[in-house]
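In case you want the letters, here they are:
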Protein chains: 2
Amino acid sequence: MSTTAPAQWTEHVLSTLDRAGHRSTGPRTAVVGAIADLGCSTTAREIADLLRGRNAGVGMASVYRALELLERLKVVRRVDVGEGSARYEPAYPSGEHHHHLVCDACGNVTAFEDDDLERVIHALSRRVDFDIAGHEVTLRGACPLCSPSR
Amino acid sequence: MSTTAPAQWTEHVLSTLDRAGHRSTGPRTAVVGAIADLGCSTTAREIADLLRGRNAGVGMASVYRALELLERLKVVRRVDVGEGSARYEPAYPSGEHHHHLVCDACGNVTAFEDDDLERVIHALSRRVDFDIAGHEVTLRGACPLCSPSR
DNA sequence: GTGAATGCAAACTCTTTGCATGACT
DNA sequence: AGTCATGCAAAGAGTTTGCATTCAC
């Protein structure tokens, strides 16, 4: 729980970068800050837009390069809900994570957690013939605002 | 079980197309045939390549248009395992389906089924604030051939 | 015969890469 | 100083779209 605060995550990322011998440059830390602020499930474009608004204009190439590095260092998680562009979100060292509800109508992406789900997936992971390193669950449907019952 | 045979699925697709007022043209039925033959989790490119090999060369645009239509009619399921291109597979009217194991090393995609997983997801779907219509589970890791223990 | 479907090519979006310039340690 | 990181612009991959032609019904 204490590891999930944005500030702590940012600290964690910066020290991880340092430990891995990477520089904490302006553009790179700006991207880290943007991810911390945007939180769950953002796109490269959203990050670039936010930074442009902050007059910290960072080139798209640098955004993508930063995301690739952060994912490789496992401090950012790449999530693919299948709408053409990849989504990214902070990854916490504790391993705690969530999954996503995607609205097919408006594209809204919401997070959820479920212990039973994690337990079943964990058990399942031991049974299959793969060496499982991670998992992703996406539930699709209509969000409260788009639901026909409204 | 009887609904999962490729031939039956093909029949089902053709009658669904007809019922929905769509024509069963050569290119379109060729795409349906390719999906039936390729089975689980294929890409638009693989379908086009197979058809080219069969001298039934169908333009990429037609492959994509057929896939879009078939998905809309719910006879094809689009699966996104997040490697740049979308994957497609037959969808059976019985609702039976599977999920995927993806090898991060070689890209190999394998199917699996798990009743416990389905049960948990079903229960979960009733609790969330979305009107859930479907779900997707992807387990990532190393396949038997890429596993370090080999 | 008529409207739907096709094929090609061009357009578009997202992402990656080459290369000269600039900045962190 | 030396190297790593940046930015731009061009290249690439996957997918979509416009439009004249063709084909199923």
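Residues numbered from 1 in each chain as written. Chains lettered and ligands numbered in written order. Predicted model: local features only at pLDDT ≥ 70, side-chain atom pairs only at ≥ 80, totals over all residues. Heavy atoms only, no water.

**Student:** What exactly am I supposed to notice about the side chain of Arg87(A) here?
**Tutor:** Residue and element names in this part refer to chain A. Summarising the element assignment, Arg87 is placed in strand E3 (residues 87–90). Residue Arg87 is classed as buried on the basis of its relative accessible area, which comes to 10%. A polar contact of 2.6 Å, which involves the side chain of Arg87, links it to the backbone oxygen of Ser41. The contacts of Arg87, once residues within four sequence positions are left out, are Ser41, Thr42, Thr43, Glu46, Arg77, Arg78, Val79, Val81 and Val109. (Helix = DSSP H or I, 4+ residues; strand = E, 2+ residues; numbered from the N terminus. Buried < 20%, exposed > 50% of the residue type's maximum accessible area, 1.4 Å probe, protein only. Polar contact = N/O pair within 3.5 Å; in protein donor to acceptor, adjacent residues only side chain to side chain. Contact = heavy atoms within 4.5 Å.)

**Student:** So what exactly am I meant to see when it comes to the interface of chain A and chain B here?
**Tutor:** One frequent convention defines the size of an interface as the accessible area lost when the parts assemble. Tallying the contact residues gives 35 residues for chain A and 35 residues for chain B. Note on chain A versus chain B: buried area summed over both sides is about 2,800 Å², and carbon and sulfur give 65% of it. Connecting chain A to chain B are four salt bridges. The closest approach of N and O atoms between Arg140(A) and Glu136(B), which form a salt bridge, is 3.4 Å. Run the count over chain A and chain B and you get 14 residue pairs in polar contact (both at pLDDT 80 or more). If you list the elements that add at least two residues to the side of chain A that touches chain B, you get strand E4 (99–103), strand E5 (109–112), helix H5 (115–127) and strand E6 (131–142) of chain A. Looking at the side of chain A that touches chain B element by element, the count peaks at twelve residues for E6(A). Of the residues assigned to the side of chain A that touches chain B, the class counts are 18 nonpolar, nine polar and eight charged. When E6(A) meets strand E6 (residues 131–142) of chain B, the two strands line up antiparallel, connected through eleven bridges. Among the inter-strand pairings, Val137(A) is bridged to a residue of E6(B), identified as Val137(B). (Buried area = accessible area lost by both parts, 1.4 Å probe. Salt bridge = Lys/Arg side-chain N within 4 Å of Asp/Glu carboxyl O. Nonpolar A, V, L, I, M, F, W, Y, C, P; charged D, E, K, R; others polar. Pairing = 2+ DSSP bridges.)

**Student:** Quick question: what am I supposed to make of the packing of helix H3 (residues 44–53) of chain A against helix H4 (residues 60–72) of chain A here?
**Tutor:** All names here are of chain A. H4 packs onto H3 with a crossing angle of 125° between their chain directions and a minimal axis gap of 10 Å. It follows that H3 is oblique to H4 by the angle criterion. Where H3 crosses over H4, the handedness of that crossing is right-handed. In this structure, H3 contributes Ala44, Arg45, Ile47 and Ala48 to the contact, and H4 contributes Met60, Val63, Tyr64 and Leu67. Each residue belonging to the contact of H3 with H4 can be placed in one class, and the counts come to seven nonpolar, no polar and one charged. (Axes fitted to C-alpha atoms, helices over the stretch in contact; angles between N-to-C directions. Parallel < 35°, antiparallel > 145°, perpendicular 65-115°, else oblique. Left-handed = near helix turned anticlockwise from the far one by under 90°.)

**Student:** It is not clear to me how H4(A) should be interpreted in this structure. Could you clarify?
**Tutor:** An α-helix turns once per 3.6 residues; consequently, residues spaced three or four apart project the same way. Residue and element names in this part refer to chain A. With 13 residues, H4 should reach 18 Å at 1.5 Å per residue; the first-to-last C-alpha distance of 18 Å fits that figure. Restricting attention to buried positions, one finds in H4 the residues Val63, Ala66, Leu67, Leu69 and Leu70. Seen from one end, H4 has its buried residues packed into an arc of 165°, which puts them on one side. Seen from the open side of H4, the exposed residues pointing more than 90 degrees away from its buried face are Arg65 and Arg72. Looking at the buried side of H4, the elements it contacts are helix H1 (6–19), helix H2 (26–38), H3, strand E2 (76–79) and E3. Just downstream of H4, Lys74 is the residue with a positive phi angle, here 65°. (Expected span 1.5 Å × (residues − 1). Arc of directions from axis to C-beta.)

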